[in-house]
Amino acid sequence: MKCYKCMRPSSTCICKHINTFKTKTRFIILMHPKEYKKEKNGTGCMTNLQLENSEIIVGVDFSKNDRVNEILTNEEIGSFLLYPGKESFNLSQRNGSEMKSFISNGANFFILDGTWPCARKMLKLSTNLQKLNRVSFDNSIASKFIIKQQPEALCLSTIESVYTVLNLLNKGGIEQCDTTDFLLPFEKMIEHQLDYMLNPNNKNYSSTANREIGPKTMYKTNTERNVVFELE
């Protein structure tokens, strides 16, 4: 049996841990088709379930995407791309007044949800996204997505990135939302996956799993975290 809300098997359904809430900021998750196929493990879909003011648009080149362009043509609402860059507006290094001057209440935040190569391709092809002001952040926490090998210790999944951004927007006075349990569905998903991988009765059990699964700490030394899309 399958839950058609979280797209996970009924036995590991995370819906009871979903706590949808409304934000002033709208999060538009631009999901690569390959990421869309990861029904059970993709955190972009999980992020969408958690945020009432969010949506998912699947594609690679969004230049002529009707919905994306509809959002961008609304001049009353500012649109930003959550993506690294030398000229990006770093939320971690700005105070509340600077944030409010740069980002209006009710802004649109576009997020590229895909692997590094996929996200780069999405941006390269989407000329409309290239024109957007970029927003980034510095991160000081390691990802909890320990069942995936990340290229760097500070790389975060989509849901962890949105969680970090929301907390920074809260600090800057742009948002007033409670993110206490925002990562709970994600944490429960990891919990279910670890239980499955470490259970000797399951077909994917590996006797070396206990040694191989753990915090990802062997990476490049880099304290700045600006990337917001999921990695494989």
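Cut-offs applied
- Residues numbered from 1 in each chain as written.
- Predicted model: local features only at pLDDT ≥ 70, side-chain atom pairs only at ≥ 80, totals over all residues.
- Heavy atoms only, no water.
- Core = buried A, V, L, I, M, F, W, Y, C linked by side-chain atoms within 4.5 Å.
- Buried < 20%, exposed > 50% of the residue type's maximum accessible area, 1.4 Å probe, protein only.
- Helix = DSSP H or I, 4+ residues; strand = E, 2+ residues; numbered from the N terminus.
- Contact = heavy atoms within 4.5 Å.
- Pairing = 2+ DSSP bridges.
- Axes fitted to C-alpha atoms, helices over the stretch in contact; angles between N-to-C directions.
- Phe/Tyr/Trp six-rings, centres within 6.5 Å; stacked < 30°, edge-to-face > 60°.

A. How the structure looks around the nonpolar core. Counting residues in each nonpolar core, the largest one holds 36 residues, and the members touching the most others are Phe27, Leu91, Ile103, Phe109, Val165, Leu166 and Phe182. Among the elements that make up this core, the one with the highest residue count is helix 7 (residues 158-171) (six residues). Once residues within four sequence positions are removed from consideration, Phe182 is found in contact with Phe21, Thr47, Gln50, Leu51, Ile159, Val162, Tyr163 and Leu166. With 15 residues, the next largest nonpolar core counts Leu30, Leu81, Tyr83 and Leu112 among its residues.

B. Region of the structure containing the sheet that holds strand 1 (residues 26-31). Taken together, six strands build an open sheet; the order of strands is 2-1-5-3-6-4 and the sheet is parallel. Strand pairing shows two members of the sheet lacking a second neighbour, strand 2 (54-58) and strand 4 (89-90), which therefore form its edges. The sheet strands contacting helix 5 (residues 116-125) are strand 1, strand 3 (79-82), strand 5 (108-113) and strand 6 (133-136), and the helix crosses strand 5 at an angle near 130°.

C. Layout of the packing of aromatic side chains. Taken as a whole and assessed by the stated rule, the structure comprises six aromatic pairs. Their ring planes at 70° and their centres at 5.8 Å tell us that Phe27 and Phe109 sit as a pair that is edge-to-face. Note that Phe27 is positioned in strand 1 and Phe109 in strand 5, a separation of 82 residues in sequence. No difference in accessibility class separates Phe27 from Phe109, as the two residues are buried. Seen in terms of ring centroids, Tyr163 and Phe182 are 6.4 Å apart; in terms of plane orientation they differ by 10°. Their pairing is stacked. Taken as a pair, Tyr163 in helix 7 and Phe182 in the loop between helix 7 and helix 8 (184-197) lie far apart in primary sequence, 19 residues in all. Given the relative accessible area of 1%, Phe182 is considered buried. Ring pairs connect the aromatic residues Phe27, Phe80, Phe89, Phe102 and Phe109, which therefore count as one cluster.

Bear in mind that shape data such as this cannot, by itself, settle questions of function.
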